[in-house]
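Topology and contacts: notes
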Amino acid sequence: MARKYILVSGGVISGIGKGVIASSTGLLLKTLGLNVTAIKIDPYMNIDAGTMAPTEHGEVFVLDDGGEVDLDLGNYERYLNVTLGRENNITTGKIYREVIEKERRGDYLGKTVQVIPHVTDAIQDWVERVSQIPVDESALAPDVCIIELGGTVGDIESAPFVEAMRQFQFRVGQENFALIHVSLVPSINGELKTKPTQASIRDLRGLGLNPDLIACRCPAPLPLSVTSKVSMFCHVAPSQVLAVHDVSSLYHVPILLKEQGLIEFLQKRLKLDEVVTDEARIQRGIKLMTNWKALTVGHDRLFDKVSIVLVGKYTSLQDSYTSVVKSLEHSALQCARKLTITWVEASDLETEAQHERPQEYHAAWQAVCTANGILVPGGFGVRGTEGMIAAAKWAREKKVPYLGICLGFQIAVIEYARNVVGISNAHSAELDSNTPDPVIIFMPEISKTHLGGTMRLGLRPTIFQPKTEWSKVRQLYGGAGTIWERHRHRYEVNPSYVDRIEAKGLIFTGKDEKGERMQVAELKEHPYYAGLQAHPEFCTRPLNPSPAYLGFIAASCGVLDEQIIRQKDYIPPHPESHLKYPSPIPPSTETFPAEPNGSTL
């Protein structure tokens, strides 16, 4: 049976919600028992997202294979419960690199290399090849591939991709290709305006693509008169106009689309009833829909709150911490609590801020002192780190649940070394290259002189050490001796200081497979004080939260013991084939700059 392709494009403005609609569409197709994969097209020239500041384009999401990709791939993995690879993210840089490499090899046999057909063919070949790669435990090729075209139709940088998709619909057959166009219907002085959508559809048609469904992003449900107007002026049936209005939670979007007939339309348009599946997959799909409905209903009925303060470097753009927020949300839902996050710029906690920005300083400390839990996420560079250290000290001394991720893990080690072990000059070699006591050092896997290829990336094992059965983190992972999480860092805890630190009570319960790299640190006599060198937020799922975050939220709610009991049956989201070490992940070959203007994650 031919594979089905669903393209999700956007018009009027970027950031309109294409990723959520693409993920929700894939989820609904999974409830039919279909295998679904997803591809994100980003028209920027970068090879990948690894060199971009989070304040530039949001979070850099890391995959099992070490790919550094757009944050939308995180949405796909979470909604579809799949494991994607770096090739599921296409960029202009990747396509042009491939075409130029072919030209240099002489693959084009002396032809003049042009955007059409060479670049557009390369895009189509890439999509067709990646759409066949299995993405879950079934090891079966996907039945459906969701393709999200980033940016806005009409942008000059996305033109080759739009043209490639115009050609692609004929390559695969129009009965195997559907297009969902996401557009904006804004409210101006209380009146819903359809002209932006009309103009967007006109641009789309002028480029050779006809929408099968128009998803109208709007502040409230569309009246019938507005739906009819979009239908009339955009040349589609009223049933092909979907109102995707603002909802209390993004987890409602799949249900919203289902109620408007998305499944029935795609079944008819793509002849999905002809796709061969089996009873086991159909039953899994039915169970998925049941669980998802329970998740959304449960979200609406939450009354008890849990207050978390996030002490970060990039709080000016909250998309910098998308996966962290999702992990907290999933964990709060599991603990039946309504999540409240207070964003604190780390530098506002530093003593200099008391004089330079007294209002921000006192507001930041008010948030830290009243929170149920304190989270310090990842980041690079010195800015704000003394504020993070102060927050970690408060959490440790006041017995407030603390979770440190990547940099936050290293912050906890530095704070403990300074204030408990007595190494007053303890610091990170990344943050102060002249520190006499570098408790955090550069430990590259390859070269000490080149940034490219030296970042520790992708899925890696953590081995819990002997006599660590008491470890709360270990118990949250079901008591497993080995756990797997994704990494993105260069600096590590200096092995020379480990014995002195552990002698004073901060125990490195988890290490790498060689016992050289410290990967989990915990305080035994604390409600929950844990740091992980990895980024467990990259593997969270709405129905299967990240254990480290779940423990943090449970401790902040005062229900950690009950949650640990429930975690005995924890099943990790990774395919079994990925759980091998030495790691099968090849090292990255891209370069990574130092922090530009204090803003690289």
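Cut-off values and rules
Residues numbered from 1 in each chain as written. Predicted model: local features only at pLDDT ≥ 70, side-chain atom pairs only at ≥ 80, totals over all residues. Heavy atoms only, no water. Helix = DSSP H or I, 4+ residues; strand = E, 2+ residues; numbered from the N terminus. Rg over C-alpha atoms; globule rule 2.2 N^0.38 Å. Buried < 20%, exposed > 50% of the residue type's maximum accessible area, 1.4 Å probe, protein only. Pairing = 2+ DSSP bridges. Axes fitted to C-alpha atoms, helices over the stretch in contact; angles between N-to-C directions. Contact = heavy atoms within 4.5 Å. Parallel < 35°, antiparallel > 145°, perpendicular 65-115°, else oblique. Left-handed = near helix turned anticlockwise from the far one by under 90°. Nonpolar A, V, L, I, M, F, W, Y, C, P; charged D, E, K, R; others polar. Salt bridge = Lys/Arg side-chain N within 4 Å of Asp/Glu carboxyl O. Right-handed = clockwise from strand over helix to strand, strands pointing away.

On to the overall build of the protein. For the protein, the helix and strand inventory stands at 20 helices and 23 strands. Rg of the C-alpha trace for the protein: 25 Å, near the compact-globule value of 25 Å for 601 residues, within the 12% margin. Once the C-alpha set of the protein is aligned to its principal axes, its extents read approximately 70 × 60 × 55 Å. Burial analysis of the protein (601 residues in total) assigns 59% to the buried set.

Two modes of strand pairing occur in sheets, parallel and antiparallel, and in both the strands are linked by backbone hydrogen bonds. If you walk across this open sheet you meet the seven strands as 5-2-6-1-7-10-11, and the pairing is parallel. In this open sheet, the two strands that pair with only one neighbour each are strand 5 (89-91) and strand 11 (241-245). Mean inter-strand twist for the sheet, computed between neighbouring axes without regard to direction, equals 20 degrees. This element, helix 7 (residues 195-206), spans strand 1 (4-10), strand 7 (177-184) and strand 10 (213-218) of the sheet and lies at about 145 degrees to strand 7.

Another point: the packing of helix 7 against helix 8 (residues 224-234). Where helix 7 contacts helix 8, the axes come no closer than 10 Å and their chain directions differ by 30 degrees. If you check the angle between helix 7 and helix 8, you find them roughly parallel. Handedness of the crossing formed by helix 7 with helix 8: right-handed. Here Thr-197, Gln-198, Ile-201 and Arg-205 of helix 7 lie close against helix 8, whose contacting residues are Lys-229, Val-230, Phe-233 and Cys-234. Per-class residue counts for the contact of helix 7 with helix 8 are four nonpolar, two polar and two charged.

Cis geometry marks the peptide bond from Ile-116 to Pro-117, where omega comes out at 15 degrees. The topology assignment puts Pro-117 in helix 5 (residues 115-130).

Under the criterion given, the structure shown has 27 salt bridges. Two residues, Arg-357 and Glu-356, come together in a salt bridge whose shortest N-O distance is 3.7 Å. By relative accessible area, which is 27% here, Arg-357 ends up partly exposed. The exposure class assigned to Glu-356 is exposed, which follows from its relative accessible area of 59%. Residues Arg-517 and Asp-512 are paired through a salt bridge, measuring 3.8 Å at the closest nitrogen-oxygen approach. Residue Arg-517 is classed as buried on the basis of its relative accessible area of 8%. With relative accessibility at 4%, the residue Asp-512 sits in the buried group. Within this structure, Lys-40, Asp-42, Asp-70 and Asp-72 form a network of salt bridges that share partners.

As for its position among the elements, Gly-11 is in the loop between strand 1 and helix 1 (18-30). Owing to a relative accessible area of 0%, Gly-11 belongs among the buried residues under this scheme. C-alpha of Gly-11 to C-alpha of Ile-201: the two residues are 190 residues apart in sequence and 7.9 Å apart in space. In this structure Gly-11 touches Ile-16, Thr-152, His-181, Val-182, Ser-183, Leu-184 and Ser-200, once residues within four positions along its chain are discounted.

Attention shifts here to the pairing of strand 11. In terms of burial, strand 11 is a largely internal element, five of the five residues being buried. With burial as the criterion, each face of strand 11 is covered, one bearing Val-241, Ala-243 and His-245 and the other bearing Leu-242 and Val-244. Here strand 10 runs beside strand 11; their pairing, made up of five bridges, is parallel. Among the inter-strand pairings, Arg-217 is bridged to a residue of strand 11, identified as Val-244. In the classification by handedness, the crossover that spans strand 10, the intervening helix 8 and the parallel strand 11 is right-handed.

Turning our eyes to something else, we now look at the side chain of Ser-347. Mapping Ser-347 onto the fold places it in the loop between strand 13 (338-345) and helix 13 (351-356). When residues no more than four places from it in sequence are discounted, the contact partners of Ser-347 are Ala-353, Arg-357 and Gly-384.

Moving on to the environment of Asp-300. Tracing the chain through its elements places Asp-300 in helix 11 (residues 279-300). What makes Asp-300 partly exposed here is its relative accessible area of 42%. Each C-alpha atom of the pair Asp-300 and Glu-101 lies 53 Å from the other, and the pair is 199 residues apart in sequence. Residues contacting Asp-300, with those up to four places away along its chain left out, are Ser-248 and His-252.

Further remarks concern the packing of helix 1 against helix 3 (residues 72-80). One can describe the packing of helix 1 onto helix 3 by two numbers: an axis separation of 9 Å at closest approach and a directional angle of 25 degrees. In terms of orientation, helix 1 and helix 3 fall into the roughly parallel class. In the packing of helix 1 onto helix 3, the handedness of the crossing is right-handed. Along its contact with helix 1, which presents Gly-19, Val-20, Ala-22, Ser-23, Ser-24, Gly-26, Leu-27 and Lys-30, the element helix 3 presents Asp-72, Asn-75, Tyr-76, Tyr-79 and Leu-80. Class assignment for the residues of the contact of helix 1 with helix 3 results in six nonpolar, five polar and two charged.

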